[in-house]
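# A look at the structure
The lines below spell out each chain.
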Amino acid sequence: MPVAKVIVDVPTMQTNRPFEYEIPTELLAVVEPGVRVEVPFGRGKRQVQGFVLDVTETSDYSGKLKEIVRVIDLNPVLSKEMLEMSSWLADLTYSFQISCLQIMLPNLLRAKYIRSVVPVQGFENDPEVTKLLDNKTSLELNNDIDNSLIEEIQRLLESKKIEILTSVKNRAKQIKRQAIQIKVDKHHLLETEDSLKKNATSQRKLLEFLISNYEKNTFEISSLESMGISRPAIKALQKIKLIDIIEVTKLRKPTDLKNATTQKLELTNEQLNAVKQINNSINQQNAETFLIQGVTGSGKTEIYLQTIDEALKEGRTALMLVPEISLTPQMVNRVSSRFGDQVAVLHSGLSSGERYDEWTRIENGSVNVVVGARSAVFAPLKNLGLIIIDEEHEASYKQDDNPRYNAKDVTQWRSKYHHCPVVLGSATPSLESRARAQKGVYKLIELKRRFNDHDLPEVKIVDMRDSDNAAVSGDISNALKTQLDEILSRKEQAILLLNRRGYSSFLMCRECGFVLKCPNCEVSLTYHKDIQRMKCHYCGHEENVLDECPNCHSDKIGFYGTGTQNVEQQINDMFPDAKTLRMDVDTTSKKGAHAKLLKEFETQNADILIGTQMIAKGLDFPNVTLVGVINADTILSLSDYRASERTFQLITQVSGRSGRAEKKGRVIIQTYNPDHYAIKEAAKQDYDSFYKKEMYIRHQGNYTPYYFTTLLSVSHESEGQALKMAYSLKRQLVDSLSEEAIILGPSPTMIARKQNKYYYQIIVKYKHEDNFHKRLLEILSDTQAETKKGFSIAIDNEPQHID
DNA sequence: AGCACGCCGACT
DNA sequence: GTCGGCGTGCTC
């Protein structure tokens, strides 16, 4: 008797393994790995969704097996590749396999449960029961259930005549359209046309159309009607059995993609060399990784497009990941105008229905190229020939909540599975990637020249401590004001960048630029309002808020920051005639607002764009000749060891926005730390020099890429309980790790209390700890019982943000 | 997650 | 004596 091994939709540690079910004989043909099934689970009347992992001939379970209730899919929704990947990913990210299976699918395929009232066996014909159920077999319990019924339900539940069944509801709906299908051969159609009555004009028109488009076979009725073919004519042909009327599923097409219209661009020698190397790897089916380090404007996108083309020519498919933020119409058009309707785009703006349809289109093989943000890494492409990750340094490739996966790890896995290369591209590679390239793990491809040989913009650092330059009015220095004046008079455009909505919780001296740092960890201390003290998020070191700068003894030490709104106001006061646009979380929260603002700026309906990070990436506005960074320091002073890296990346990226076309660009960076290497090297656009210095610092502080990092966090309603648990975890870690490992904390997180819970974190830095992974899994299952007492314990492998 | 079993306190 | 509190453990 064959049994199905099923992962059930019950996300707990104890149910995180396959359960076996008997397959009813009538379902034997459809139950195969990758299909979703509905199975009874637990003691009560509860039915849950499950994924069939495997079908085996015999069971090794000693108890009595339950039967699969029904299959949800006639064909598998997950391939062998995805099933295999899910167990690897669950293990890597310390999450449940069911959660990993779920993220691979569009939302609509996630189970929704309905509760309904059904008769207890033997009471199907009880008069009270049939009255309640209105002679049906069940009554759904939804929100609009009549109040008068509730009492009756309660009573019958108590007398055990009815019970509550939880079962799975399938949400995936497709738009169905009516269509006709030709049933006979072409010859037959021609004969019929000859024998038609003269006045049957509409039928003749339809037949002629069918004959000339015979190959296509299936036609939507609505499109025929719009050509002036009448419904009776269609009925008439159906009656004489020439055609069938059928239902077809119409897939929504969210992005209106153009036909392929653009041709390959001519390549520079550097680009050509890159394309050759990658194409070679595609042809050889090498699962290797390239790192393209190319200065802004060096034409990385064209390399992506030409190598995708090569993969397609080989009959394979291609996946391109980009940060959500740069998934702009500009970007999408660039790809779709080369590959036309072979492209599917997955981004967060899609409705669940649209997303589901795009997924279907990928799954059934009607597209070969997928462009999308993080979760697109699970696109069900078969026969992958190439994977591209643009802006590979972006932290957003890592998911911040469960399952905490990094799309980059997933691409490595898929690359090995499909034997295809991965291309990482960035002007400012992450230190990890660049270090791997240095060691020869990745192949480094450098693009040092800008496309069309445009000069890099001229970058000027403005020392905000210098009172001659500083704050003529609030946050705008004289130097920036002068430049703004100039570009406005030349009718050019400017971008002003602020960070993190500009507010900060670190201490800085406005006189000398001093920032209060942790004596042990080389990161800035963060202000904690509740205790009114400064704390380190790494080791928990604490000290008082200073009112005098320990460096220059000035009293101008304090918290500082401005918001985009404030800066916009200052600019409006300064330049009443200039039109400004503000782009931050407030102005872009509505769907499509982002694109609309950019469009407005692109069409030069505004002179100055003021915004946060989101304006820094990949945008290409030829008329922008000035970029101003209002406060370079806020990024620098994050309580995160990647602060310097992020600062360097951001300034370099945003500087690349200036002077993309013929006009020469300028960049002004306002800072209280003009001598900081991240800022100085970014101004020179000198990645290699920054890399060397930063690697040294990382080496000194025992940080990535010299050490691996794992972050454990504990939360509980009671601060004491959370802290106690954190210490107990730490003790266990100390016992199971070698001397070489560094364990920091427990320390409170930035927002110590969110959702009425206290958070503590432990950071583990290590090099070689063979048992660590296994030990963490054990800790997770040991502490499982604690989660019922209000604890939650999360493990983040290689976290991107520590706060 | 849900649900049942089970072992202690305050009620008819 | 019993109703019900929620701590503990299992679900194919």
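Residues numbered from 1 in each chain as written. Chains lettered and ligands numbered in written order. Predicted model: local features only at pLDDT ≥ 70, side-chain atom pairs only at ≥ 80, totals over all residues. Heavy atoms only, no water.

### Describing the overall build of chain A
For chain A, the helix and strand inventory stands at 24 helices and 34 strands. In terms of C-alpha radius of gyration, chain A reaches 31 Å, essentially the compact-globule figure of 28 Å for 803 residues. Viewed in the frame of its principal axes, chain A has a C-alpha envelope of about 95 × 70 × 60 Å. Only carbon and sulfur atoms are counted for the fraction: they give 47% of the accessible area of chain A, which is about 37,000 Å². (Helix = DSSP H or I, 4+ residues; strand = E, 2+ residues; numbered from the N terminus. Rg over C-alpha atoms; globule rule 2.2 N^0.38 Å. Areas by Shrake-Rupley, 256 points an atom, 1.4 Å probe, with all protein chains shown as cover.)

### Things to note about the sheet that holds strand 9 (residues 162-169)
The strand order across the open sheet formed by 3 strands is 8-7-9, and the pairing between neighbours is antiparallel. Each of the sheet's edge strands pairs with one partner strand only, and the pair in question is strand 8 (139-140) and strand 9. (Pairing = 2+ DSSP bridges.)

### Regarding the protein's contact with DNA strand C
Near DNA strand C you find 15 residues, and of these Glu20, Arg43, Tyr61, Lys66 and Lys788 are the closest. When atoms of DNA strand C within 4 Å of the protein are sorted by moiety, sugar and phosphate together comprise 36%. Between Gly42 and DNA strand C, the recorded distance is 3.3 Å, taken from a backbone N or O atom to a sugar or linking oxygen. In the model, a base nitrogen of DNA strand C is placed 2.9 Å from a nitrogen or oxygen of the Arg43 side chain. In terms of residue count, strand 2 (residues 19-22) provides more of the surface near DNA strand C than any other element does, 3 residues in total. For the surface near DNA strand C, a count of residues per class yields 6 nonpolar, 3 polar and 6 charged. (Near = heavy atom within 4 Å. Polar contact = N/O pair within 3.5 Å; in protein donor to acceptor, adjacent residues only side chain to side chain. Nonpolar A, V, L, I, M, F, W, Y, C, P; charged D, E, K, R; others polar.)

### Examining the pairing of strand 3 (residues 36-40)
Burial analysis of strand 3 places 5 of its 5 residues in the buried class, which makes it a mostly covered element. Summarising the sheet, strand 3 and strand 4 (residues 47-56) pair through 5 bridges and their orientation is antiparallel. Bridge pairing in strand 4 places Arg36 opposite Phe51. Where strand 3 folds back on strand 4, the antiparallel hairpin that results is connected by 6 residues, among which Gly42 adopts a positive phi of roughly 90°. (Buried < 20%, exposed > 50% of the residue type's maximum accessible area, 1.4 Å probe, protein only.)

### Side note on the sheet that holds strand 6 (residues 70-71)
Taking strand neighbours across the sheet as the criterion, the 6 strands line up as 5-2-1-4-3-6 in an open arrangement whose pairing is mixed. Each end of this open sheet is capped by a strand with a single partner; those strands are strand 5 (66-67) and strand 6. Note that strand 2 and strand 5 share 2 bridges and pair parallel. Bridging from a neighbouring strand, Tyr21 pairs with Lys66 of strand 5.

### Quick notes on the packing of aromatic side chains
As enumerated under the stated definition, the model contains 14 aromatic pairs in all. Taking 5.8 Å as the distance between ring centres and 25° as the angle between the ring planes, the aromatic pair formed by Tyr677 and Phe690 counts as stacked. Here Phe690 lies in helix 21 (residues 687-701) and Tyr677 lies in helix 20 (residues 677-684), a separation of 13 residues in the sequence. Each of the two residues, Tyr677 as well as Phe690, counts as buried. The rings of Phe648, Tyr677, Tyr687, Phe690 and Tyr691 are connected pair by pair, giving a single aromatic cluster. Across from the ring centre of Tyr691, 4.9 Å away, lies the NZ or CZ of Arg434, which sits over that ring. Over the ring of Tyr703 we find Lys765; its NZ or CZ atom is 3.9 Å from the centre of that ring. (Phe/Tyr/Trp six-rings, centres within 6.5 Å; stacked < 30°, edge-to-face > 60°. Lys NZ or Arg CZ within 6 Å of the ring centre and 35° of its normal.)

### Quick notes on the layout of surface pockets
Taking a probe equal in size to a water molecule and rolling it over the atoms shows the remaining empty space. When its volume is computed, the second largest pocket comes out at roughly 1,300 Å³. Contributions of two or more residues to the lining of the second largest pocket are made by helix 1 (80-93), helix 13 (407-418), helix 14 (431-438), helix 19 (643-655), helix 21 and helix 23 (772-782). Of the residues that constitute the lining of the second largest pocket, the class distribution is 19 nonpolar, 12 polar and 17 charged. (1 Å grid on protein atoms, 1.4 Å probe; cavity = no way out; pocket = protein on both sides within 12 Å on 5 of 7 lines; lining within 4 Å. Points joined across faces, edges and corners; volume = space filled by probe spheres on them.)

### Points about the nonpolar core
With 47 residues, the main nonpolar core has Leu78, Leu319, Val370 and Phe378 as its most contacted residues. The element contributing the most residues to this core is helix 1, with 5 residues. The residues contacting Leu319, other than those within four sequence positions of it, are Val370, Ala376, Val377, Ala379, Leu381, Leu384, Leu386, Ile387, Ile388 and Arg414. Formed by 35 residues, the second largest nonpolar core is a distinct cluster that contains Phe621, Ala632, Ile651 and Ile679. (Core = buried A, V, L, I, M, F, W, Y, C linked by side-chain atoms within 4.5 Å. Contact = heavy atoms within 4.5 Å.)

### Some points on the protein's contact with DNA strand B
With respect to spatial proximity, the complete set of residues near DNA strand B consists of Val10, Thr12, Arg43, Gly44, Arg46 and Lys788. For DNA strand B, the backbone portion of the atoms within 4 Å of the protein, that is sugar and phosphate, comes to 53%. For DNA strand B, a sugar or linking oxygen lies 3.4 Å from a polar atom in the side chain of Arg43. Interatomic distance of 3.1 Å between a side-chain N/O atom of Arg46 and a base nitrogen of DNA strand B. Looking at the surface near DNA strand B residue by residue, the class counts come to 1 nonpolar, 2 polar and 3 charged.

### Some thoughts on the packing of helix 10 (residues 300-313) against helix 11 (residues 329-339)
Viewed as axis vectors pointing N to C, helix 10 and helix 11 meet at an angle of 35°, and their least axial separation amounts to 11 Å. Relative to helix 11, helix 10 is oriented so that their crossing is right-handed. Listed contacts from helix 11 to Thr301, Glu302, Leu305, Gln306, Ile308, Asp309 and Leu312 of helix 10 are Arg334, Val335, Arg338 and Phe339. By residue class, the composition of the contact of helix 10 with helix 11 is 5 nonpolar, 2 polar and 4 charged. (Axes fitted to C-alpha atoms, helices over the stretch in contact; angles between N-to-C directions. Left-handed = near helix turned anticlockwise from the far one by under 90°.)

### Some remarks on the pairing of strand 1 (residues 3-8)
Counting buried residues in strand 1 gives 6 out of 6 residues, a clear majority hidden from the surface. Inspection of the sheet shows strand 1 paired to strand 4 by 6 bridges, in the antiparallel sense. Its bridge partner being in strand 4, Ile7 is matched across the sheet by Phe51. Where strand 1 lies against strand 2, 4 bridges are found, and the strand directions are antiparallel. For Val3, the partnering residue across the bridge sits in strand 2 and is Glu22.

### Regarding the environment of Pro33
Of note, Pro33 is situated in the loop between strand 2 and strand 3. With a relative accessible area of 19%, Pro33 lands in the buried category. Setting aside anything within four residues of it in sequence, one finds Pro33 in contact with Val52, Leu53, Asp54, Val55, Pro76, Leu78, Lys80 and Leu83.

### A closer look at the side chain of Thr166
In this structure, Thr166 sits in strand 9. Contact partners of Thr166, with chain neighbours within four places excluded, come to Lys45, Arg46, Gln47, Tyr113, Ile114 and Arg115.

### Quick look at helix 15 (residues 478-489)
With 12 residues, helix 15 ought to run about 16 Å at 1.5 Å a step, and its terminal C-alpha atoms sit 17 Å apart, in line with that. All of the buried residues along helix 15 are Ala479, Leu480, Gln483, Leu484, Ile487 and Leu488. Taken end-on, helix 15 shows its buried residues confined to a sector of 160°, consistent with a single buried face. Considering only its buried residues, helix 15 is in contact with strand 20 (458-463), strand 21 (493-497), helix 16 (564-574), strand 28 (608-611), strand 29 (624-629) and strand 30 (666-671). A positive phi of about 60° marks Lys491, the residue just after helix 15. (Expected span 1.5 Å × (residues − 1). Arc of directions from axis to C-beta.)

### A short note on helix 1
If you check helix 1, its first and last C-alpha atoms are 20 Å apart, about what 14 residues at 1.5 Å a residue would give, namely 20 Å. Along helix 1, the residues classified as buried are Glu81, Met82, Leu83, Met85, Ser86, Leu89, Ala90 and Thr93. One or two residues past the end of helix 1 sits Tyr94, with phi positive at roughly 55°.

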